[in-house]
Amino acid sequence: MSDPRHRFGPPKDPGRDDPQAPPELRSDRRSRALPRPCPACGSPRASVFGAVAPGAGGRSTLRCADCLLVYVDPVPKEATRPEAYGADYYEPWQGREEHARVRLWRRRLSLVEERSSRGALLDVGCGDGLFLAIARDAGWSVEGIEFSPEGARRASKRLGRPVAVGHLARERLLRGPFDVLTLWHVLEHLEEPAPMLDAARVRLRPGGLVVVAVPNLDNLPMQWAYRVARGRPLPLYEAGAREPHLSHFSPTTLAALLERQGFGSVEIRADRCALTVAKRLIDAGAACLSFVTRRLLTDAMVAFARRPR
Ligand SMILES: [Zn+2]
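The paragraphs below set out a description of the structure included in this document.

Parameters and conventions
- Residue numbers run consecutively from 1 along every chain, following the written order of its sequence.
- For a predicted model such as this one, the threshold for reporting local features is a pLDDT of at least 70, and the threshold for listing and counting side-chain atom pairs is 80 or more; totals across whole chains, interfaces and linings nevertheless cover every residue.
- Strands are runs of DSSP state E lasting at least two residues, helices are runs of H or I lasting at least four, and both sets are numbered from the N terminus onward.
- Here a residue counts as buried when 20 or more other C-beta atoms sit within 10 Å of its C-beta, as exposed when there are 12 or fewer, and as partly exposed otherwise, the C-beta atoms being derived from the backbone.
- Note that contacts rest on C-beta atoms placed from the backbone: two residues are in contact if these are within 7 Å.
- Two strands pair if DSSP finds at least two bridges between them.
- Here the axes come from fitting lines to C-alpha atoms, over the contacting stretch only for helices, and the angles between their N-to-C directions go from 0 to 180 degrees.
- Between 65 and 115 degrees an angle is taken as roughly perpendicular, under 35 as roughly parallel, over 145 as roughly antiparallel, and anywhere else as oblique.
- We call a crossing left-handed when the near helix sits turned anticlockwise from the far one by less than a right angle, and right-handed when that turn is clockwise.
- Only Asp, Glu, Lys and Arg are considered charged, only Ala, Val, Leu, Ile, Met, Phe, Trp, Tyr, Cys and Pro nonpolar, and every remaining residue, Gly among them, polar.
- Regarding the arc, it is the one traced by the directions from the helix axis to the C-beta atoms.

## Some thoughts on the overall build of the protein chain
Across its full length, the protein chain carries eight helices and 12 strands. By residue count, 42% of the 309 residues in the protein chain fall in the buried class. The contacts in the protein chain between residues at least 6 apart in sequence include a share of 69% that link residues at least 24 apart.

## Notes on the sheet that holds strand S2 (residues 46-48)
The four strands are arranged S2-S3-S4-S10 in an open sheet whose pairing can be described as antiparallel. Single-partner strands in this sheet number two, and they are S2 and strand S10 (247-248). The sheet contact formed by S2 and strand S3 (residues 60-64) spans three bridges and is antiparallel. Across the sheet, the residue bridging to Ser-47 is Arg-63, located in S3.

## A word on unusual backbone geometry
In this model, Asp-73 is joined to Pro-74 through a cis peptide bond whose omega is -10°. Looking at the secondary structure, you find Pro-74 in the loop between strand S4 (70-73) and helix H1 (87-90). With omega at 0°, the peptide bond leading from Gly-176 into Pro-177 counts as cis. Mapped onto the secondary structure, Pro-177 falls in the loop between strand S7 (164-165) and strand S8 (178-184). The phi dihedral of His-185 is positive, around 55°, even though this residue is not glycine. Secondary-structure assignment places His-185 in the loop between S8 and helix H5 (193-203).

## A short note on the environment of Arg-201
Assignment of secondary structure puts Arg-201 in helix H5. Overall, the presence of 19 C-beta atoms within 10 Å leaves Arg-201 in the partly exposed class. For Arg-201 and Arg-307, which are 106 residues apart along the polypeptide, the C-alpha to C-alpha distance reads 6.2 Å. Leave out the neighbours within four places in its chain, and Arg-201 touches Gln-261, Gly-262, Phe-263 and Arg-307.

## Section: the packing of helix H6 (residues 220-230) against helix H8 (residues 277-293)
Between H6 and H8, the least distance of the axes is 8 Å, while the angle of their chain directions is 140°. Judged on the interaxial angle alone, H8 and H6 are oblique. In this structure, H6 crosses over H8, and the sense of that crossing is right-handed. Residue-level inspection shows Pro-221, Met-222 and Ala-225 of H6 in contact with H8, the latter providing Ile-282, Gly-285, Ala-286 and Leu-289. The residue makeup of the contact of H6 with H8, split by class, is six nonpolar, one polar and no charged.

## Concerning the environment of Glu-97
Mapping Glu-97 onto the fold places it in the loop between H1 and helix H2 (98-113). On the basis of neighbour count, Glu-97 is assigned to the partly exposed category, with 14 C-beta atoms found within 10 Å. The spatial distance from the C-alpha of Glu-97 to the C-alpha of Thr-276 is 9.1 Å, given a sequence separation of 179 residues.

## Digging into H5
An α-helix turns once per 3.6 residues; consequently, residues spaced three or four apart project the same way. Taken together, the buried positions of H5 are occupied by Pro-193, Met-196, Leu-197, Ala-200 and Arg-203. Along the long axis of H5, the arc covered by the buried residues comes to 120°, so they all point the same way. Against strand S5 (120-124), S8, strand S9 (204-215), S10 and helix H7 (251-260) lie the buried residues of H5.

## Some points on the packing of helix H3 (residues 130-137) against helix H4 (residues 149-159)
When two helices pack together, you describe them by how their axes are tilted relative to each other and by the distance separating the axes. Between H3 and H4, whose axes approach to 9 Å, the crossing angle comes to 25°. Viewed along their axes, H3 and H4 adopt a mutual orientation that is roughly parallel. The hand of the H3/H4 crossing is right-handed. When H3 is examined against H4, the residues Leu-130, Leu-132 and Ala-133 are found in contact with a partner set consisting of Ala-155, Arg-158 and Leu-159. For the contact of H3 with H4, the class distribution of residues is five nonpolar, no polar and one charged.

Listed below in structure tokens is the structure:
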């Protein structure tokens, strides 16, 4: 890996290999035959890593021996279907979460605007279109694409015009090239994150900005809090979870994947996206700890990277 600019300095190896960590948080280094190669680098070498919730149906989470990505194996196919993100998924976003979400999207937009002048923005996985509406009102020319028909329907209604439904790589109607392409908490839900980044890169103008937010595997304070509250390790996979995550990135693995897919000038910082008071408090503690340790420990992170000119 070349030299990505991490706001908190180059992160160390993912924390759960720390010999000081409790045994249940350390890697299980037993290797096994793999039916699924690493979805980031294609390596067939991996070992079981981290905890899954009871009832995972024989699934486990593996860590690639080459790029250190952690991923679910085998893929639960029901988690990759658009029906997984139907009306039930979007309902909690309305009502009491709405105001917190508006504040969150404004904060995220200001991070984008610190790095790009206003222009054409494509939000991939735009959900109900709230971010697009806020960006449009701020002066951006916006387009969205959403793989859930329910999400696209809601976004179309909010924006007052059609929003593309489907996969970025196959969509032909979007204009572009774009100055900014955002992937807010999309990559961790995909069976194959690397082709999505390839598709994102070709939609950007040279020098354009890609924004990739994902949960942070190095979220040690959240893991500690979960352990205290529930008496068991925070699972990396839970069958039937509302938002099952198929890949788990650390700052190191996210930066490496972006560079492998042709992006440069990688910068990673905290994505402060907690909506509940308890999670916000834990994340505030994590941010302080990150500042002291120079290691990004918040529950989520956002990467900014450029398509080379
Ligand atoms: Zn790998």
